[in-house]
Amino acid sequence: MGSPRLALVGAFVIGGLLLFAVGLFMIGDRRLLFSEQFEIEADFGNVAGVEISTAVRLSGMPAGEVIGIEIPDAPGGRFVVRMRVREDLHSLVRTDSEAAILSDGLLGSAFIQLRAGSETAPLIPAGGALRGVDAVEIADLIAEGRETFRIAADQMVQMRADLSETFVGFEETISSTTRLVDGIGNDVQRVTGASASLVDETRGMVAEVRRVMGTVTSGQDAVESVLRETEGTMRAVRQSAEHVEDAIARFTGPDSATQRLLVEAGDVMGRAREAMADVADNTEALKRNWLFRGFFSERGFYNLDELTIDEYRTLLGDDRYAPLRIWLAADRLFETDPGGGLSLRDDAGRRIEEAMGELLQYPRNSPVVVEGYATQGEIGRRMLDALARAELVQRYVVRAFRHASGTATMALGAEAAESPSGDGRWDGVALTLFADPEQLARSGAAAAQ
Amino acid sequence: MSGFVREVVVTRLARGGHAMTFAGRALRDIFRPPFELKETARQVYELGWRSLPLIAAAGYAVGIVMSMHTRASLERFGAEALVPAGLALALVRETGPLVCGLLLSGRVGAGVGAELGAMKVTEQIDALEAVAVDSFKFLVVTRVVACMIAMPILTAVMNFMGMLGGWTAESAVSGMGFEAYFRAAFSLLQFSDYVPGTLKTMVFGFIIAVTASYLGVHTSGGTQGVGYAATRSVVTASILMIAANVVLVRLIFFIFPEMAE
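Residues numbered from 1 in each chain as written. Chains lettered and ligands numbered in written order. Predicted model: local features only at pLDDT ≥ 70, side-chain atom pairs only at ≥ 80, totals over all residues. Heavy atoms only, no water.

Asker: How should I be thinking about the overall build of chain A in this particular structure?
Answerer: Along chain A, the regular secondary structure elements total nine helices and 13 strands. Counting across all 449 residues of chain A, residues that qualify as buried make up 31%. Accessible surface, chain A as shown: approximately 27,300 Å² in total, 57% of it carbon and sulfur. (Helix = DSSP H or I, 4+ residues; strand = E, 2+ residues; numbered from the N terminus. Buried < 20%, exposed > 50% of the residue type's maximum accessible area, 1.4 Å probe, protein only. Areas by Shrake-Rupley, 256 points an atom, 1.4 Å probe, with all protein chains shown as cover.)

Rendered as structure tokens:
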């Protein structure tokens, strides 16, 4: 065998050994066998996925590996994991650093992540112990999720039970309310009956007194008879008064159910008022609907939409309708919102109520027309403002006085010949009541009596 | 009939025992002088050096194919970053040694079986004995030692070329750099993966050389017997090597339990 062949054999063997050694060096380098290092340890309750040579990282940077796991002496003890860490990273590992067991994604193997400590904490000495943060296992997460779902289900069951109980309470409240209303009805009937009886008896007593006074000189028996009857009448009055007191006590007594009923009744009345306003709006709409227009006109309702402004002004001067007008100035009724919208002032309601108070002295079936006037701007602007003012006041009248079927609006622009301003113009509204002169005469006669 | 079966069984057992004695003698004579270094070196050249192109080419190709398969599998889980480490782990632990052993059993087993068989049928072995040369030490032990030296080296070459092929495939797909790839490849490797996986190929080398030598020196039937010995050498050496691998893996897991995890 020649020397070239021997050289090749030598090269083959040496080259092969070198290649093998390179592999060893690469693995050794990863395991920090060729660099300075220090050892630390951390304790964990759960070391899932951690084994000897498991990678250790510091803030994500490869920093070393696990070199040993000490098993606790007794159940409940903690595993102590010893780690070898690069010396050049020592300055980042402080006594308040933590070691956590993490995983490289779902498929990746576990590794120990060291969290760099704070600047103020001292360096951890070689062999020192860090606080370990246990691994989070998928099974634990699933178990926690199941526990959460179980708690949520329990809460829902409890909520369902509470709701059932609440509904039962509602039913009982409704039942007791019904009973109370029935009782109140009975009391009212009793009070009314007693009052009627009292009135009858009082009338009888007065008649008897007159009769007795007319015949007072007729004898002692008659006087005694009057005294007996008076005594019986007073007894009936006392009984009626007791009934009334009893009924009032039931209405205003400290009993919470009654108070609750009153509050609820207040709410119901509020809603009823709103409903009435809606009904009024709807009725107004129906009155203007061609299908129902005839039906309403046969029953005495009127529609001012069909009247021109001049025709309406003619009606104002017609003696057959005896119009009564109350003028309300715009600056005392309205205010403009920041957004430019028109609304009633806070004290406007009181002024409207005062005006309506005067008009309501007349028959309730007399129609009230809210006339709108505006003096600012062009004719179109004036008409729009006049209509808006009239509608605002009409809505308040309907809501406050439930005067739904007998109100209407009329936008008249600026001209108001009879206005108190004296210049034939008006800026505001006028509440105009059209009363039947015959009815007015009858009312006047009755009042005189 | 029973006599025929008994004869076959007894004959096979006797042949097995003979082969075991042959292997035992080869193992013992490795450590006994004379060492026939020159002939051993020649055999290293013949069995090792001349097998280098085959092993390097096969390793490179295997690396490319494994990288593609590994990537295709890991891509489904979004774990492409594990391709270098996964390939290196598979190559170093099992694929490299086994493929290298099979390739060497094909090339060396056939060569040794045919060479020694030819020497046997042409009575060259008898001639060596006639001139007072220990034919067993000169022909068998030198080949066994050469195989046991060449196998780990060839396995290291195979592993390296496999990783090189893996890097070629990976850089074509992801443009990964050479250094980054090799750092990633060795990131999961442990000594317990690398050293036993490489050194166990010495056992493969021993099995290949002993099997081929045994069948070669016991060749009969002229040139036809030589061809028969070469074929049987390859088949028997491959089967014995795979069977031995099972035992060796179990043994390595026993010695390095962390490898089994």
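From this point, the narrative continues.
Asker: When you look at helix α8 (residues 379–401) of chain A in this model, what are you seeing that I'm missing?
Answerer: Since one α-helical turn is 3.6 residues long, residues separated by three or four positions face the same way. Here α8(A) is 23 residues long and its end C-alpha atoms lie 32 Å apart, about the 33 Å a rise of 1.5 Å per residue gives. When α8(A) is considered as a whole, its buried residues turn out to be Arg382(A), Ala386(A), Arg389(A), Ala390(A), Leu392(A), Val393(A), Gln394(A), Tyr396(A), Val397(A), Val398(A) and Phe401(A). (Expected span 1.5 Å × (residues − 1).)

Asker: Looking at this model, I keep getting lost on the sheet that holds strand β11 (residues 368–373) of chain A. Mind explaining?
Answerer: The strands that make up a sheet pair up through hydrogen bonds in the backbone, lying either parallel or antiparallel. All names here are of chain A. Taken in spatial order, the four strands of this open sheet run β8-β13-β11-β12, and their pairing is mixed. For this open sheet the edge positions go to β8 (323–329) and β12 (407–411), each flanked by a neighbour on one side alone. Averaged over all pairs of adjacent strands, the angle between their axes in this sheet comes to 20°, without regard to strand direction. Pairing analysis gives seven bridges linking β8 to strand β13 (residues 428–434), with the strands arranged antiparallel. Note that in β13 the partner of Pro323 across the bridge is Phe434. (Pairing = 2+ DSSP bridges. Axes fitted to C-alpha atoms, helices over the stretch in contact; angles between N-to-C directions.)

Asker: For this particular structure, what's the right way to read the pairing of β11(A)?
Answerer: On a regular strand, one side chain projects to one face of the sheet and the next to the other, so that they alternate. Residues and elements named next belong to chain A. For β11, the tally of buried residues reaches six of six residues, placing the bulk of the element in the interior. Alternating positions in β11 separate into two faces, Val368, Val370 and Gly372 on one and Val369, Glu371 and Tyr373 on the other, with burial throughout. With five bridges joining them, β11 and β12 adopt parallel strand pairing. For Glu371, the partnering residue across the bridge sits in β12 and is Met410. By the bridge criterion, six bridges tie β11 to β13 in an arrangement that is antiparallel. Bridge assignment links Val370 to a residue of β13, and that residue is Leu431.

Asker: For this particular structure, what's the right way to read the confidence of the model for chain A?
Answerer: Note: predicted coordinates in regions of low pLDDT should not be interpreted at a detailed level. Here chain A averages 76 in pLDDT, and 67% of its residues register 70 or above. For chain A, per-element mean pLDDT is lowest for helix α5 (residues 293–298) of chain A, which scores 56, and highest for strand β4 (residues 79–86) of chain A, which scores 90. (pLDDT = per-residue confidence, 0-100.)

Asker: For this particular structure, what's the right way to read the state of the cysteines?
Answerer: In total, this model carries zero disulfides over all chains according to the counting rule given. No disulfide involves Cys100(B); its sulfur sits 10.0 Å from that of Cys147(B), the nearest cysteine. (Disulfide = S-S within 2.5 Å.)

Asker: In this structure, what is going on with the packing of helix α4 (residues 83–121) of chain B against helix α8 (residues 191–217) of chain B? I would like to understand it.
Answerer: A pair of packed helices can be characterised by two numbers: the angle between their axes and the separation between those axes. Residue and element names in this part refer to chain B. The N-to-C vectors of α4 and α8 enclose an angle of 20°; their axes lie 8 Å apart at closest approach. In terms of their interaxial angle, α4 and α8 are classed as roughly parallel. The handedness of the crossing between α4 and α8 is right-handed. Residues that form the contact of α4 with α8 fall into these classes: 13 nonpolar, nine polar and five charged. (Parallel < 35°, antiparallel > 145°, perpendicular 65-115°, else oblique. Left-handed = near helix turned anticlockwise from the far one by under 90°. Nonpolar A, V, L, I, M, F, W, Y, C, P; charged D, E, K, R; others polar.)

Asker: What should I look at first to understand the side chain of Arg351(A) in this one?
Answerer: Residues and elements named next belong to chain A. With respect to the helices and strands, the residue Arg351 is situated in helix α7 (residues 348–359). The class for Arg351 is buried, based on a relative accessible area of 19%. Leaving out residues up to four positions away in the same chain, Arg351 has contacts with Leu328, Arg332 and Leu333. (Contact = heavy atoms within 4.5 Å.)

Asker: What should I look at first to understand the interface of chain A and chain B in this one?
Answerer: Often the size quoted for an interface is simply the accessible area lost on bringing the parts together. On the chain B side, the residues contacting the 22 residues of chain A number 30 residues. The interface formed by chain A and chain B holds two salt bridges in total. In this structure, Arg183(B) engages Asp29(A) in a salt bridge whose closest nitrogen and oxygen atoms are separated by 3.9 Å. At the boundary of chain A and chain B, one finds three residue pairs in polar contact (both at pLDDT 80 or more). (Salt bridge = Lys/Arg side-chain N within 4 Å of Asp/Glu carboxyl O. Polar contact = N/O pair within 3.5 Å; in protein donor to acceptor, adjacent residues only side chain to side chain.)

Asker: Honestly, the environment of Glu80(B) in this entry has me stumped. Any pointers?
Answerer: With respect to the helices and strands, Glu80(B) occurs in the loop between α3 (52–75) and α4. In this structure Glu80(B) comes out as partly exposed when scored by relative accessible area, which is 27%.

Asker: Just to check I follow, could you spell out a nonpolar patch on the surface for this structure?
Answerer: Residue and element names in this part refer to chain B. On the surface, Phe4, Val5, Val8, Val9 and Leu13 cluster together to form a nonpolar patch covering roughly 460 Å² of accessible area. Mapping Val5 onto the fold places it in helix α1 (residues 2–30). By relative accessible area, Val5 is classed as partly exposed at 41%. (Patch = residues over 30% accessible without salt bridge, like charges linked within 9 Å, V, L, I, M, F, W, Y side chains within 5 Å.)

Asker: Would you mind going over the packing of aromatic side chains with me for this structure?
Answerer: Any two aromatic rings considered together are summarised by their centre-to-centre distance and by the angle between their planes. Under the criterion given, the structure shown has eleven aromatic pairs over all chains. Between Tyr312(A) and Phe434(A), the ring centres sit 6.0 Å apart and the planes meet at 70°, which makes this aromatic pair edge-to-face. Of the two residues, Tyr312(A) is situated in helix α6 (residues 309–316) and Phe434(A) in strand β13; the sequence distance between them amounts to 122 residues. In this structure Phe434(A) comes out as buried when scored by relative accessible area, which is 10%. Consider the rings of Phe22(B) and Phe136(B), whose centres lie 4.9 Å apart with planes at 80°: the pair is edge-to-face. Here Phe136(B) lies in helix α6 (residues 135–174) and Phe22(B) lies in helix α1, a separation of 114 residues in the sequence. There is no split in this pair, since Phe22(B) and Phe136(B) are both buried. Grouped by ring-pair contacts, the aromatic residues Phe160(B), Trp167(B), Phe178(B), Tyr181(B) and Phe182(B) constitute a single cluster. For Arg57(A), the ring lying beneath its charged end belongs to Phe111(A), and the centroid distance is 4.0 Å. (Phe/Tyr/Trp six-rings, centres within 6.5 Å; stacked < 30°, edge-to-face > 60°. Lys NZ or Arg CZ within 6 Å of the ring centre and 35° of its normal.)

Asker: What exactly am I supposed to notice about the sheet that holds β4(A) here?
Answerer: Residue and element names in this part refer to chain A. If you walk around this closed barrel you meet the seven strands as β1-β4-β3-β2-β6-β5-β7, and the pairing is mixed. Within this sheet the neighbouring strands show an average axis-to-axis angle of 35°, counted without direction. Pairing geometry for strand β5 (residues 98–103) and strand β7 (residues 129–133), over three bridges, is parallel. Along β7, the bridge assignment pairs Ala100 with Val133.

Asker: Got a minute to help me understand the pattern of salt bridges in this structure?
Answerer: In a structure, side chains of opposite charge can pair up when their charged atoms sit close to one another. Going through the model one piece at a time under the given rule, you end up with 29 salt bridges over all chains. In this structure, Arg131(A) engages Glu98(A) in a salt bridge whose closest nitrogen and oxygen atoms are separated by 2.4 Å. Taken as a pair, Arg131(A) in strand β7 and Glu98(A) in strand β5 lie far apart in primary sequence, 33 residues in all. Note on Glu98(A): relative accessible area 22%, which makes it partly exposed. Measuring nitrogen to oxygen at the nearest pair gives 3.5 Å for the salt bridge that ties Arg183(B) to Glu179(B). Of the two residues, Arg183(B) and Glu179(B) both sit in helix α7 (residues 178–185), four residues apart, roughly one turn of that helix. Overall, the relative accessible area of 54% leaves Glu179(B) in the exposed class. A single salt-bridge network, built from bridges that share partners, covers Arg25(B), Arg28(B), Asp29(B) and Asp134(B).

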